[in-house]
Amino acid sequence: MDILAQSGQRGQRRTVDALVKAVTSRYDIVARYYKIKRQLLGLDELYDYDRYAPLETRETRYQWSQAREIVLNAYNAFHPQMAEIADSSSTKNGFTLSSAGKRGGAFAAPTIPSLHPYVFLNYTGSDKDVMTLAHELGHGIHMYLSRPKGALEAGTPLTTAEMASVFGRCSFFNDLMQRETDPAVRLSMLARKLEDSFATIFRQISMNRFEDAIHTARRSEGELSRERYSELWLKTQRDMFQDSVTMRDDYGIWWSYVRTSSMCRVTSTLTPLAISWYWPCSTSIKRRGHPSRPNTLMCCLPAALIGPKISCAKRV
Ligand SMILES: [Zn+2]
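Residues numbered from 1 in each chain as written. Predicted model: local features only at pLDDT ≥ 70, side-chain atom pairs only at ≥ 80, totals over all residues.

Caption draft 1: Structural detail: the overall build of the protein chain. The helix and strand tally for the protein chain stands at 14 helices and three strands. Taking the intrachain contacts of the protein chain between residues at least 6 apart in sequence as the baseline, contacts between residues at least 24 apart amount to 72%. (Helix = DSSP H or I, 4+ residues; strand = E, 2+ residues; numbered from the N terminus. Contact = placed C-beta atoms within 7 Å.)

Below is the structure:
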């Protein structure tokens, strides 16, 4: 059964299988990283709630004008047209800047092809916000270039929707790292970047494995209890973290935080996100040559390590 095609994502089952196999076979990358993070944090044991602890609380703040310059430079370095489109989105009312009390989150909206796409985000000056700006502008550029397709065909399935945005993030991150001179802040930025990549590649696939496990168990065991869900959640999470993170029994209930909309279609929703993340990182590596420079390597490390196996997926 072509699961992605069935959900309108137009992927192929064998591609998904190859992706899952490639990612799960490199869970050791996640375990290695969290062992290093435990040492950097000076902890004897790293618990599930420690995973996202920042390595450094200091961070550089960026004025809006600086953020614009950084992001536009990054897009311009790839192709001037990308910077041109991104820039026009900020000068033709394409941005809605946040005011106090606005809900969190950021997104790009294509509306209709005859209008310029809109980008909405909260900007507080952190490097994460600059990254979000680069990400959403990537969507905006993609939407703008898709306009000739017309209203019915300009939309993209999840398998390609995140490609331009993630590509923007990868391009801009190297520039941002070069500007930062404080070694501790640089290390913290790299850690966040890696965790960002893990969240999109490994975490999504581990959730995919969880959903696969509950469906498989449901077929053979009948109605599943909450405890059984928790057991399968812990197992699929432990498969990924191995012995690097201590999962408390309480963490078992965390399957319930995955949004219902995702839970019902994890296989069709989460694997495309991983595919979307992989391609731009690989392209970024290819464009810069082999990732010998530390910044590029760290930015794209997960994709670089699992890359050859995913290439197989593309050939099937
Ligand atoms: Zn996105």
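Caption draft 2: Representation of the packing of helix α6 (residues 127-145) against helix α8 (residues 163-179) in the model. At their nearest, the axes of α6 and α8 sit 7 Å apart, and the two run at 140° to each other. The orientation of α6 with respect to α8, classified from their angle, is oblique. Here α6 and α8 pass one another in a crossing that is right-handed. Contacts from Asp127, Val130, Met131, Ala134, His135, Glu136, Leu137, Gly138, His139, Ile141 and His142 in α6 reach Ala164, Ser165, Phe167, Gly168, Arg169, Phe172, Phe173 and Leu176 in α8. A class-by-class count of the residues in the contact of α6 with α8 yields 10 nonpolar, six polar and three charged. (Axes fitted to C-alpha atoms, helices over the stretch in contact; angles between N-to-C directions. Parallel < 35°, antiparallel > 145°, perpendicular 65-115°, else oblique. Left-handed = near helix turned anticlockwise from the far one by under 90°. Nonpolar A, V, L, I, M, F, W, Y, C, P; charged D, E, K, R; others polar.)

Caption draft 3: Just the environment of Leu55, in detail. By the element assignment, Leu55 lies in the loop between α3 (27-41) and α4 (64-78). The exposure class of Leu55 is partly exposed, given the 15 C-beta atoms found within 10 Å. Remark: the alpha-carbon pair of Leu55 and Arg38, spanning 17 residues in sequence, is separated by 10.0 Å. Apart from residues no more than four positions distant in its own chain, Leu55 is found in contact with Leu40, Leu187, Ser188 and Ala191. (Buried ≥ 20, exposed ≤ 12 C-beta atoms within 10 Å, placed from the backbone.)

Caption draft 4: Structural detail: the environment of Arg192. By the secondary structure assignment, Arg192 is in helix α9 (residues 183-200). For Arg192, a count of 19 C-beta atoms within 10 Å puts it in the partly exposed group. Considered as a pair, Arg192 and Lys128 are 64 residues apart in the sequence and their alpha carbons are 9.0 Å apart.

Caption draft 5: Region of the structure containing the confidence of the model for the protein chain. Confidence along the protein chain averages 78 in pLDDT terms, with 73% of residues attaining 70 or more. Segment residues 260-269 is flagged for pLDDT under 50; beyond a separation of four residues in sequence, or across chains, it makes 15 contacts in the model. Across residues 290-316, confidence stays below pLDDT 50; counting only partners more than four residues off in sequence or on other chains, it has 50 contacts. (pLDDT = per-residue confidence, 0-100.)

Caption draft 6: View of the nonpolar core. Val30, Val71, Val130, Ala134 and Phe172 are the most contacted members of the largest nonpolar core, which has 48 residues in total. No other element matches α8, which puts nine residues into this core. For this core, the domains that each give at least three residues are domain 1 (3-58 + 185-315) and domain 2 (64-179). With residues near it in sequence (within four places) discarded, Val30 still touches Phe198, Phe202, Met240 and Phe241. Counting six residues, the second largest nonpolar core, distinct from the first, contains Met207, Phe210, Leu232 and Leu234. (Core = buried A, V, L, I, M, F, W, Y, C linked by C-beta atoms within 7 Å. Domains from an automatic or database assignment.)

Caption draft 7: Quick look at the packing of helix α10 (residues 202-221) against helix α11 (residues 226-241). For the pair α10 and α11, interaxial distance at closest approach is 9 Å and the crossing angle is 140°. Remark: the crossing between α10 and α11 carries right-handed chirality. Together, Phe202, Ser206, Arg209, Phe210, Ala213, Ile214 and Ala217 of α10 and Arg228, Tyr229, Leu232, Trp233, Thr236, Gln237, Asp239 and Met240 of α11 make up the contact between the two elements. Here the contact of α10 with α11 is built from residues that sort into nine nonpolar, three polar and three charged.

Caption draft 8: Summary view of unusual backbone geometry. Despite not being glycine, Thr111 has its phi angle at roughly 50°, a positive value. Tracing the chain through its elements places Thr111 in the loop between β2 (107-109) and β3 (118-120). Residue classification places Thr111 among the exposed residues on the basis of 11 C-beta atoms within 10 Å. For Gln242, which is not glycine, the phi torsion reads 50° and is therefore positive. Relative to the helices and strands, Gln242 resides in the loop between α11 and α12 (260-263).

Caption draft 9: Fine view of the environment of Lys235. Structurally, the position occupied by Lys235 is in helix α11. For Lys235 and Arg209, which are 26 residues apart along the polypeptide, the C-alpha to C-alpha distance reads 9.8 Å.

Caption draft 10: Expanded view of α3. A rise of 1.5 Å per residue sets the reference length of α3, with its 15 residues, at 21 Å; its end C-alpha atoms lie 21 Å apart and thus fit the reference within 8%. Positioned one or two residues after α3, Gly42 has a phi angle of 70°, which is positive. (Expected span 1.5 Å × (residues − 1).)

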